[in-house]
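One letter stands for each residue in the lines below.
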Amino acid sequence: MSCVEVRDLLAEHALGVLPARPERLVQRHLDTCEGCRREADALRAAAVSLALGAPTVAPPAGLEERIVGRMARRRRPIGRGVARVLVAATLATAMLLVGVLGWGIAMHRQVATLQQRVLSTDQMLRQVGQVFRLPHTDFKVFQARLGPTPGHAGGATVVIVISARSSDLLMAWAALPRSGVRGTAAPYRVELVLADGRTMTAGALAAASGGLLMLPPERVPQVLGQAASVLVVDRAGKPVLAGNVRPYAAKAG
Amino acid sequence: MRQLRAGNEDAVRALYARFGGPVYTLGLRLLGGAEAAEELTQDVFVAAWRQSARFDPGRGRLSTWLMTIAHNIAVDRLRHERGPSRPVLVLSENLPEPELDEEIVLVDRETARRAMAGLLPQERLLLMRAYFQGWTAREIAEEEGLPLGTVKTRLRAALIKLRRAEADRARIVARSVDPEDGTER
């Protein structure tokens, strides 16, 4: 769906009355188009002002207590067995997401340029990162945004998940110039630089849909908590992308 | 929001104090009954708690995020329960005046009221049909005897007018704040 077609539907989207199918198409477009997303956000804020500007009725007494009580019941601690299932389910979800997101991005014609592919790696980071921010889990989620080293181009995002109940997990998506992928520089590897200066190879990037390179969720020995930075190195071991590890933040930036 | 995500009870109560009224009223308007509105209000605050990690302040205000959740749930429910039939409109004139004391909500309301006053009656009607009755553009076009394209254009124009009026109001408020000490003149 083009920007012109999407903008024609944004008023209905903002008012929450777009039928399901076009709504899905609009949502998919907004996931990758910053300009249309800004327009949609502004129209939605205007739509919400309809509710905020209208006379308001005080809710019945006791409703607040019922809401607080309902939330308290839902956040009761869960058993160890359930937690284990949750960890396994979350890992499985991450695996699925990798495929689904890659497919979704490939379906868009938004990945023509290297810059757009770099942005799509960011989108993956945000969405996959959210999966691990579930309540009742002990996941610590870290991220690294990798920028090009001098003389190179592209970018990558890396998600590192550390869990006391499971192996550590690392996923990476990279966007590199196509010529480099097909040429002598490939294959690219993801390397971790640990806090004590040691380096460790996490795995090789493989071609994925949407023009991206991907390191699928990789269970690795529990050293990821010590990772200080991440590198993508080429066939000769020369760093082409680099970035520091920091706690996961939902907002891009 | 961090506290809400952690399930902090005070954070939940603070959110409810600010938005309980608008959410409940939206439920009354869209779903037409106190029981449905109560259920909606409960569901909205529980959903906000569960989805709090998704709130992105870079994409809009908390009020927009929360009311969008409320509106989406209400419209879904409306479509599910009533199918293609028309929902009952609860006219704003039939609703009592507010009993709110939260300053931010009042500022939002005043801004929104002024913005609404700048719309043409026809524009206001179309927005009400869509937002408070959950009618699609096609349903509005059929009901009002207007071409679909005209309805879409008018809905968009009306929202843009609202947005501009709010932006103008925000600029006026910003200018009225003394830059030295941040207090209103």
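Residues numbered from 1 in each chain as written. Chains lettered and ligands numbered in written order. Predicted model: local features only at pLDDT ≥ 70, side-chain atom pairs only at ≥ 80, totals over all residues. Heavy atoms only, no water.

Caption draft 1: The arrangement of the overall build of chain B in detail. Of the regular secondary structure elements, chain B holds eight helices and zero strands. Put simply, chain B has 185 residues, and 44% of those count as buried. Within chain B, contacts between residues at least 6 apart in sequence are counted, and of these 63% link residues at least 24 apart. Accessible surface computed for chain B: about 9,600 Å², of which carbon and sulfur atoms make up 50%. (Helix = DSSP H or I, 4+ residues; strand = E, 2+ residues; numbered from the N terminus. Buried < 20%, exposed > 50% of the residue type's maximum accessible area, 1.4 Å probe, protein only. Contact = heavy atoms within 4.5 Å. Areas by Shrake-Rupley, 256 points an atom, 1.4 Å probe, with all protein chains shown as cover.)

Caption draft 2: Spatial organisation of the overall build of chain A. Each helix and strand counted, chain A has seven helices and nine strands in total. The buried share of chain A, taken over its 253 residues, is 50%. Contacts spanning at least 24 positions in sequence make up 65% of the contacts within chain A whose residues lie at least 6 apart. On chain A, roughly 11,400 Å² of surface is accessible, and the fraction owed to carbon and sulfur atoms is 57%.

Caption draft 3: Geometry of the confidence of the model for chain A. All names here are of chain A. Chain-level statistics for chain A give a pLDDT mean of 74 and a share of 64% at 70 or above. The least confident element of chain A, judged by mean pLDDT, is helix α5 (residues 80–107) at 52; the most confident is helix α1 (residues 3–14) at 92. Within the model, pLDDT remains below 50 along residues 76–85, and this stretch shows five contacts once partners closer than five positions in the same chain are excluded. Counting contacts from residues 105–111, a segment whose pLDDT is below 50, to residues more than four positions away or on other chains yields 18 contacts. (pLDDT = per-residue confidence, 0-100.)

Caption draft 4: Quick look at helix α3 (residues 34–50) of chain B. All names here are of chain B. The end-to-end C-alpha distance of α3, which contains 17 residues, comes to 24 Å, matching closely the 24 Å that a straight helix rising 1.5 Å per residue would cover. Summarising burial for α3: twelve of the 17 residues are buried, a large majority. Looking only at α3, the buried set comprises A37, E38, L40, T41, Q42, D43, V44, F45, V46, A47, A48 and W49. (Expected span 1.5 Å × (residues − 1).)

Caption draft 5: Geometry of the pattern of salt bridges. A full pass over the atoms with the stated rule returns 14 salt bridges over all chains. R156(B) is paired through a salt bridge with E39(A); the nearest N and O atoms lie 2.9 Å apart. Residue R156(B) is located in helix α8 (residues 148–175), and its partner E39(A) is located in helix α3 (residues 34–53); the two belong to separate chains. Close ionic contact of E191(A) with R189(A) constitutes a salt bridge, the shortest N to O distance being 3.2 Å. For R189(A), a relative accessible area of 26% corresponds to the partly exposed category. (Salt bridge = Lys/Arg side-chain N within 4 Å of Asp/Glu carboxyl O.)

Caption draft 6: Representation of the nonpolar core in the model. The biggest cluster of nonpolar side chains holds 73 residues, and the ones touching the most others in it are L15(A), L66(B), L127(B), Y131(B), L155(B), L159(B) and L162(B). L159(B) has contacts with A11(A), A14(A), L15(A), L43(A), A46(A), A47(A) and L127(B), leaving out every residue within four places of it along the chain. With 25 residues, the next largest nonpolar core counts V158(A), I160(A), L205(A) and V232(A) among its residues. (Core = buried A, V, L, I, M, F, W, Y, C linked by side-chain atoms within 4.5 Å.)

Caption draft 7: Here's a closer look at the pairing of strand β2 (residues 155–162) of chain A. Residues and elements named next belong to chain A. Along β2, eight of the eight residues are buried, which leaves the element largely enclosed by surrounding structure. Where burial is concerned, the two faces of β2 agree: the one with G155, T157, V159 and V161 and the one with A156, V158, I160 and I162 are both buried. Sheet analysis places strand β1 (residues 140–148) next to β2, joined by seven bridges and oriented antiparallel. The partner of K140 across the bridge, within β2, is I162. Between β1 and β2, which pair antiparallel one after the other, the connecting turn spans six residues, and G151 there sits at a positive phi close to 90°. (Pairing = 2+ DSSP bridges.)

Caption draft 8: Fine view of the side chain of T64(B). Along the chain, the position of T64(B) falls in helix α4 (residues 62–82). For T64(B), the residues in contact, after removing those within four places along its chain, are R44(A), A45(A) and V48(A).

Caption draft 9: Broad picture of the packing of aromatic side chains. Residues and elements named next belong to chain B. Taken as a whole, this structure holds two aromatic pairs over all chains when the rule is applied. Seen from their ring centres, Y131 and F132 are 5.3 Å apart, and the 80° between their planes marks the pair as edge-to-face. Residue classification places Y131 among the buried positions, given a relative accessible area of 1%. Assessed through its relative accessible area of 4%, F132 is described here as buried. (Phe/Tyr/Trp six-rings, centres within 6.5 Å; stacked < 30°, edge-to-face > 60°.)

Caption draft 10: Structural view of helix α7 (residues 137–144) of chain B. Residue and element names in this part refer to chain B. All of the buried residues along α7 are A137, I140 and A141. Relative to the axis of α7, the buried residues are bounded by an arc of 100° and lie together on one face. Turned more than 90 degrees off the buried face of α7, the exposed positions are R138 and E142. One or two residues past the end of α7 sits G145, with phi positive at roughly 65°. (Arc of directions from axis to C-beta.)

Caption draft 11: Fine view of the pairing of strand β5 (residues 199–204) of chain A. Residue and element names in this part refer to chain A. Where strand β4 (residues 189–194) and β5 come together, five bridges link them in antiparallel fashion. Across the sheet, the residue bridging to E191 is T201, located in β5. Where β4 folds back on β5, the antiparallel hairpin that results is connected by four residues, among which G197 adopts a positive phi of roughly 95°.

Caption draft 12: Inspection of the interface of chain B and chain A at higher detail. Contacts between the two partners involve 63 residues from chain B, matched on the other side by 48 residues from chain A. Buried surface at the junction of chain B and chain A, both sides included, amounts to about 5,200 Å², of which 63% is carbon and sulfur. Of all residues in chain B, the largest losses of buried area upon contact with chain A belong to Y16(B), R59(B) and L159(B), amounting jointly to 12% of the total for that side. Between the two partners, chain B and chain A, sit eight salt bridges. For R163(B), the salt bridge identified is with E39(A), shortest N-O distance 3.6 Å. Joining chain B to chain A, the criterion identifies eight residue pairs in polar contact (both at pLDDT 80 or more). Taken together, the elements giving at least two residues each to the side of chain B that touches chain A come down to α2 (9–31), α3, α4, α5 (103–117), α6 (121–133) and α8 of chain B. Looking at the side of chain B that touches chain A, its residues break down into 28 nonpolar, 15 polar and 20 charged. (Buried area = accessible area lost by both parts, 1.4 Å probe. Polar contact = N/O pair within 3.5 Å; in protein donor to acceptor, adjacent residues only side chain to side chain. Nonpolar A, V, L, I, M, F, W, Y, C, P; charged D, E, K, R; others polar.)

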